[in-house]
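Coordinates in review
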Amino acid sequence: MLTALSIRDIVLIEKLDLSFDKGLSVLSGETGAGKSILLDALGLALGARGDSSLVRTNEDKGIVTASFSLPRDHRVLELLAEQGVDVEGELVIRRIQSADGKSRAIINEQPVSVTMLRQVGALLAEIHGQHDDRALVDVARHRDLLDAYGVLESKAARVVRAWNDWRSACQALEEQRERVRRAEAERDFLEHSVKELRELAPASDEAEALAERRQLMMNAEQFAAVVAEARDALLGDGTLDGRLNAALRKLERRRPQALGKLDPLCAALDRVLTEMAEAQRAIDEAEDAFSFDPRELEKAEERLFALRAVARKHRVQVADLPELLKRFESDLQSIFDGGELLRRLGDSEAAACATYDKMAEDLSTARKRAAKQLDEAVMAELPPLKLEQAKFHTLVEGSRERGPQGVDRVEFLVTANPGTPLAPLMRIASGGELARFMLALKVVLAAKGSAPTLIFDEIDTGVGGAVADAMGSRLYRLAEGLQVLCVTHSPQVAARAHTHLLISKMEEVGGRGARMVTRVNPLSSKSRREEIARMLSGASVTDEARAQADRLLAQRA
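1. A word on the overall build of the protein
- Within the protein, the regular secondary structure consists of 19 helices and 15 strands.
- Counting only residues that meet the buried cut, the protein has 42% of its 557 residues in that class.
- Considering only contacts within the protein whose residues lie at least 6 apart along the sequence, 69% involve residues at least 24 apart.
- If you sum the accessible surface of the protein, you get close to 29800 Å²; carbon and sulfur atoms cover 50% of it.

2. Regarding the pattern of salt bridges
- Following the criterion strictly, the structure yields 22 salt bridges and no others.
- When the shortest N-O distance is used, the salt bridge between aspartate 17 and arginine 8 registers 3.1 Å.
- Relative accessible area serves as the criterion here: at 48%, aspartate 17 is assigned to the partly exposed category.
- Assessed through its relative accessible area of 26%, arginine 8 is described here as partly exposed.
- Arginine 546 is paired through a salt bridge with glutamate 530; the nearest N and O atoms lie 2.7 Å apart. Taken together, the positions of arginine 546 in helix α19 (residues 543–553) and glutamate 530 in helix α18 (residues 525–537) put the pair 16 residues apart, joining distant regions of the chain.
- Taken together, the salt bridges that share partners define one network made up of Glu30, Glu531 and Arg534.

3. Topic: the nonpolar core
- With 70 residues, the main nonpolar core has Leu374, Phe437, Phe456, Leu475 and Leu478 as its most contacted residues.
- If sequence neighbours within four positions are ignored, phenylalanine 456 has contacts with His128, Leu439, Lys442, Leu475, Leu478, Val484, Leu485, Cys486 and Val487.
- Leu54, Val76, Leu91 and Leu117 belong to the second largest nonpolar core, which has 42 residues in total.

4. Observations regarding the packing of aromatic side chains
- Per the stated rule, a full pass over the model turns up five aromatic pairs.
- Judged by centre distance (6.0 Å) and plane angle (20 degrees), the rings of tryptophan 166 and tyrosine 356 are stacked. In this pair, tryptophan 166 sits in helix α6 (residues 153–185) while tyrosine 356 sits in helix α14 (residues 340–381), placing the two residues 190 residues apart along the sequence.
- The buried category is assigned to tryptophan 166, whose relative accessible area is 8%.
- Among the aromatic residues, those joined into a ring-pair cluster are Trp163, Trp166 and Tyr356.

5. With respect to the sheet that holds strand β9 (residues 391–398)
- If you walk across this open sheet you meet the three strands as β9-β10-β11, and the pairing is antiparallel. The sheet is open, and its two edges are formed by β9 and β11 (423–424), each paired on a single side.
- Direction of pairing for strand β10 (residues 408–415) relative to β11: antiparallel, over a ladder of two bridges. Looking across to β11, one finds that valine 414 is bridged to alanine 423.
- In the packing of helix α5 (residues 139–149) onto the sheet, the strands contacted are β9 and β10, and the crossing angle to β10 comes to about 100 degrees.
- Against the sheet, α14 contacts β9 and β10, and its axis sits at roughly 170 degrees relative to β9.

6. Re unusual backbone geometry
- Here the phi dihedral of aspartate 9 falls at roughly 55 degrees; this positive angle occurs in a residue that is not glycine.
- Structurally, aspartate 9 can be placed in strand β1 (residues 2–10).
- Located in the positive-phi region is glutamate 109, a residue other than glycine, with phi close to 70 degrees.
- Here glutamate 109 lies in the loop between β6 (103–107) and β7 (110–112).
- A relative accessible area of 59% means that glutamate 109 is categorised as exposed.

7. Considering the packing of α18 against α19
- Axis separation between α18 and α19 bottoms out at 8 Å; the angle between their running directions is 115 degrees. With respect to α19, the axis of α18 lies roughly perpendicular. As for the relative orientation of α18 and α19, their crossing is right-handed in sense. Here Arg528, Arg529, Glu530, Ile532, Ala533, Leu536 and Ser537 of α18 come into contact with α19, specifically with Ala545, Arg546, Gln548, Ala549, Asp550, Leu552 and Leu553.

8. A word on helix α16 (residues 465–478)
- The end-to-end C-alpha separation of α16 is 20 Å, in line with the 20 Å expected for 14 residues at 1.5 Å each.
- Most of α16 is tucked away, with 10 of its 14 residues classed as buried.
- Buried residues of α16: Val467, Ala468, Ala470, Met471, Gly472, Ser473, Arg474, Leu475, Tyr476 and Leu478, and no others.

9. With respect to the packing of α5 against α14
- In the contact formed by α5 and α14, the axes pass within 9 Å of each other and the chain directions differ by 85 degrees. Accordingly, the angle class assigned to the pair α5 and α14 is roughly perpendicular. Here α5 contributes Arg143, Leu146, Asp147 and Tyr149 to the contact with α14, which in turn contributes Arg367, Ala370, Ala371, Gln373, Leu374 and Ala377.
- Residue composition of the contact of α5 with α14, grouped by class: six nonpolar, one polar and three charged.

10. Some remarks on the side chain of asparagine 108
- Its location among the elements puts asparagine 108 in the loop between β6 and β7.
- Within the structure, asparagine 108 has its side chain in polar contact with the backbone nitrogen of valine 92 (distance 2.7 Å).
- In this structure, asparagine 108 is in contact with Asp86, Val87, Glu88, Glu90, Leu91 and Val92, ignoring residues within four places of it in sequence.

11. A look at the sheet that holds β7
- The antiparallel open sheet is built from six strands, whose spatial order is β2-β1-β4-β5-β6-β7. The sheet is open, and its two borders are formed by β2 (13–19) and β7, each paired with just one other strand. Recorded for the sheet is a direction-independent mean angle of 15 degrees between the axes of neighbouring strands.
- Alignment of β6 against β7, held across three bridges, turns out to be antiparallel. Within β7, the position partnered with alanine 105 by the bridge is valine 112.

Cut-off values and rules
Residues numbered from 1 in each chain as written. Predicted model: local features only at pLDDT ≥ 70, side-chain atom pairs only at ≥ 80, totals over all residues. Heavy atoms only, no water. Helix = DSSP H or I, 4+ residues; strand = E, 2+ residues; numbered from the N terminus. Buried < 20%, exposed > 50% of the residue type's maximum accessible area, 1.4 Å probe, protein only. Contact = heavy atoms within 4.5 Å. Areas by Shrake-Rupley, 256 points an atom, 1.4 Å probe, with all protein chains shown as cover. Salt bridge = Lys/Arg side-chain N within 4 Å of Asp/Glu carboxyl O. Core = buried A, V, L, I, M, F, W, Y, C linked by side-chain atoms within 4.5 Å. Phe/Tyr/Trp six-rings, centres within 6.5 Å; stacked < 30°, edge-to-face > 60°. Pairing = 2+ DSSP bridges. Axes fitted to C-alpha atoms, helices over the stretch in contact; angles between N-to-C directions. Parallel < 35°, antiparallel > 145°, perpendicular 65-115°, else oblique. Left-handed = near helix turned anticlockwise from the far one by under 90°. Expected span 1.5 Å × (residues − 1). Nonpolar A, V, L, I, M, F, W, Y, C, P; charged D, E, K, R; others polar. Polar contact = N/O pair within 3.5 Å; in protein donor to acceptor, adjacent residues only side chain to side chain.

Next up, the structure:
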């Protein structure tokens, strides 16, 4: 739920910090006091379009910060985790609107796009007004709302998976058909290319190895000459090796009588002779390594030329020739197998389509059953709202086209007067009637598929008496399971609130001269009684109005 709202330099609000609790909170005040500004600020934090006109006059920017407390399994936390946004404790949204029209969004000190903020905001709170209820008026949302009401989300999710499986099967089938068509058209080319590549038998790393060996063979004479010079430098005429061996033999004969004094010298000479023998062996191996048959160089160059020529012909790298051979062989096999793979893929596609159709049909049946229950529940809410003659109907209409959400088109239809045909919600002429339909629908849907915070903006405008009382009762019922904020002019609604905030506008004199500012103050029991009395009687509060306020405060729900 929304726990706090902080506003800085938005329109008439210079500085405002509000705390909110669960239950029903109402905001009241004189017309023009700034109630709509408060909701505009909250809407900005929830992802509404920014506008430089929201920034307070003579200020560079306006800032709105909204804090939410959410359960650990809330969808918003999952969505933010997918985007790499860490949330520990409260979720804090900050929206910065600059006077130059630019806007920034920050969630828990991490910048996010306004699009991302709008997605998060839609899951945190819903703002409902007489003509601004996108969630309920938008036909594209009606199917989701019906699924939530009927607890059909799991069935709908299975239909989405079946749709994806079917589309994947269709794609695999079409790709194989295209592959066969292409292979048939290029059959002669494929057969020739496969024969050529099989005869060539390329290896993936062959070209690199051949190039290295060719380079060695081309410089073999130079390397062999260097190795020979090394041999001469090491051994010469062989006298050094002989002198060292003769010296070591003499020392070894005298070694036993030297009492160990000759041991280090004998060991050193032995190491020198060993290393000389190792160096000579290495020289022999080097000479062998640089000893090539001239015909071997010729064969390597011919092989390298053949590999590169075929690679250029097929516009691939030499290392890719083995994979190219496999692909050509596979394309040819798609012709030679007599369409067996096509038949298997066709069977898979047909089976996937049948599974989808069955699941979509089951979902459609469940939606129609849920639609009937929804209609009955909404109709039961209409008489107390003075819509006794009205009708509400959830249209579940089959579509000719399959889709990931099934085959149903869902739309909420209403009529406010007998004898008039059912029509979409937005075609209701009266804003008051639309608001009452919205409230009835929201009461029924609130426990399923609703954001945890609902904001109602003057939906009671134009109604009074028993209708206003019924609206207050329903808002109170909504607040039993959700947090509800309501901007109202109705004393019947205000009397049922758990928290009452008074919005007022006043002139303030400061360093920049006199300016109008908006203030919001929580009301105590006594001042709340006085405000409800004002709402009942107008500017002059009478004792009769105070008595009526007492009666309203005593009859919650």
